[in-house]
Amino acid sequence: DVYKRQVIYICMFIFLIGFSVIYARNTYYVWGTFKTLTIILLSVTLVMPVICSESHKYFKFIFAWVCINLLLALHAFIIRGHGPSGFLWDQNDLALALNMSIPIVFYLIFYNKRGKAGKYFYTGATLVLIIASGVTMSRGGFLGLLAVFGMFWLLSERKLKSLGIFMLCVLLAGYPVYKLVPENYKNEMSTIFDSGEGDRTRESRYEFWGYGWEMFLDNPVLGVGASNYPWTVHLYQLRRPDYDPDRVTLYGGRPAHSLYFTLIPELGLAGIILFFLILKQVFARLRRIIRLGVEHESLNQHGLLAKALLVSTVAYLVTGAFISVLYYPPFWYLLGFVLTLERVTNAEYKTISGESGDASKSDTHNRDSGAWRRREYSGAGR
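The model shown is predicted, which means the values in this text are computed figures rather than measured ones.

K.L.:
What's the story with the packing of aromatic side chains in this structure? I'm lost.
P.N.:
Centre distance and the angle of the planes are the two values used to describe a pair of aromatic rings. Per the stated rule, a full pass over the model turns up 24 aromatic pairs. With centroids separated by 5.8 Å and ring planes inclined at 40 degrees, the aromatic side chains of Phe 13 and Trp 332 adopt a geometry described as tilted. Linking Phe 13 in helix α1 (residues 2-19) with Trp 332 in helix α14 (residues 329-353), this pair joins segments that are 319 residues apart in sequence. Between Phe 275 and Phe 331 the ring centres are 5.3 Å apart and the planes differ by 40 degrees, which places this aromatic pair in the tilted class. With Phe 275 in helix α12 (residues 260-295) and Phe 331 in helix α14, the pair connects residues that are 56 residues apart, well separated along the chain. There is no split in this pair, since Phe 275 and Phe 331 are both buried. Through a chain of ring-to-ring contacts, the aromatic side chains of Phe 13, Phe 275, Tyr 316, Phe 331 and Trp 332 assemble into a single cluster.

Put into structure tokens, the structure is as follows:
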């Protein structure tokens, strides 16, 4: 059962985090991370499929979640790019949360059960969230936003037409929009393409990632322990031949500033494999739901949401490349959304097909026909 398999992978990943208390330098932070993720797992990720076990409940929950993100965007406007508190106070982390919410709001524009009022609401909400992401002034957030737009185009039904419309919009409105963008934002985003010399933020990230890679080479199987990069990095500074205590400040307590260079050194090959398996299941199940949305009109809204969650996952992977968000809530909430969509889609499919088995039982016939590969990403919204 694919649903159970995904839950097993998630639980194994959480167990690995807790197990690292045995060998980590700072056991307090291991315990804090394990406790936090276990609470999220038991109160959100695994509970959401139970509470929102029917489609109408799930979409009501999605609507409430959209409203919460709009309030978050409003806060970003008022506090100049910052969130309310906690990890969301940081501008980069707020940009990540907003980027992950944009695809869901965007694809709900095509949810035909909402009518014209719904289309206007979700169109306006999409624009608000995009602008709010820009207000954070996050360069990683900007790259994540580009990834979102790229996925919108990749999953569109008529790629040439979509590209033509985009180019026409750029020609007609590109210059006026560019002039409206504040100069400080344009200057900040332009540094993404700099060579790196003189950009201390960029240089320090490269240095942090280098230390993370050295940690992995020294501890390739299990890593140095969850949330223990900050408490190990100074040891790698000290062993550098060019280290000068009179010129260099130790980085003890500083994070890796990357999802990947948190995962790789802290959990090693075991964590990398489990994280990859979790992502593999996410992409595989969402692709199947998209296909079912194409084949069955009554599942069209499920296919739309699957597209949205697919783009959300890419937004997380791209934006997270520059911030330490492995143990932050957004990804674990996303897994809850995916597990719930899987469950309600299976239930709906059983109803419309009259079969007692899981929706995945139809995959064999569809693969044999070969036609599903050509239609996999088309039809369920544009």
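K.L.:
So what exactly am I meant to see when it comes to the packing of helix α4 (residues 55-78) against α14 here?
P.N.:
The description of two helices packed together rests on the angle between their axes and the distance between the axes. Packing of α4 against α14 brings their axes to within 10 Å, and their N-to-C directions diverge by 150 degrees. Considered as vectors, α4 and α14 are oriented roughly antiparallel to each other. Every pair of crossing elements has a handedness; the one defined by α4 and α14 is left-handed. Of α14, the residues touching α4 (which contributes Ser 55, Tyr 58, Phe 61, Ile 62 and Trp 65) are Phe 337, Thr 340, Leu 341, Val 344 and Glu 348. The residue inventory of the contact of α4 with α14, partitioned by class, reads 7 nonpolar, 2 polar and 1 charged.

K.L.:
When you look at the side chain of Ser 258 in this model, what are you seeing that I'm missing?
P.N.:
The residue Ser 258 is located in the loop between α11 (233-238) and α12 in this model. Looking at Ser 258, its side chain comes within polar contact range of the main-chain nitrogen of Tyr 260, at 3.2 Å.

What counts and how
Residues numbered from 1 in each chain as written. Predicted model: local features only at pLDDT ≥ 70, side-chain atom pairs only at ≥ 80, totals over all residues. Heavy atoms only, no water. Phe/Tyr/Trp six-rings, centres within 6.5 Å; stacked < 30°, edge-to-face > 60°. Helix = DSSP H or I, 4+ residues; strand = E, 2+ residues; numbered from the N terminus. Buried < 20%, exposed > 50% of the residue type's maximum accessible area, 1.4 Å probe, protein only. Axes fitted to C-alpha atoms, helices over the stretch in contact; angles between N-to-C directions. Parallel < 35°, antiparallel > 145°, perpendicular 65-115°, else oblique. Left-handed = near helix turned anticlockwise from the far one by under 90°. Contact = heavy atoms within 4.5 Å. Nonpolar A, V, L, I, M, F, W, Y, C, P; charged D, E, K, R; others polar. Polar contact = N/O pair within 3.5 Å; in protein donor to acceptor, adjacent residues only side chain to side chain.

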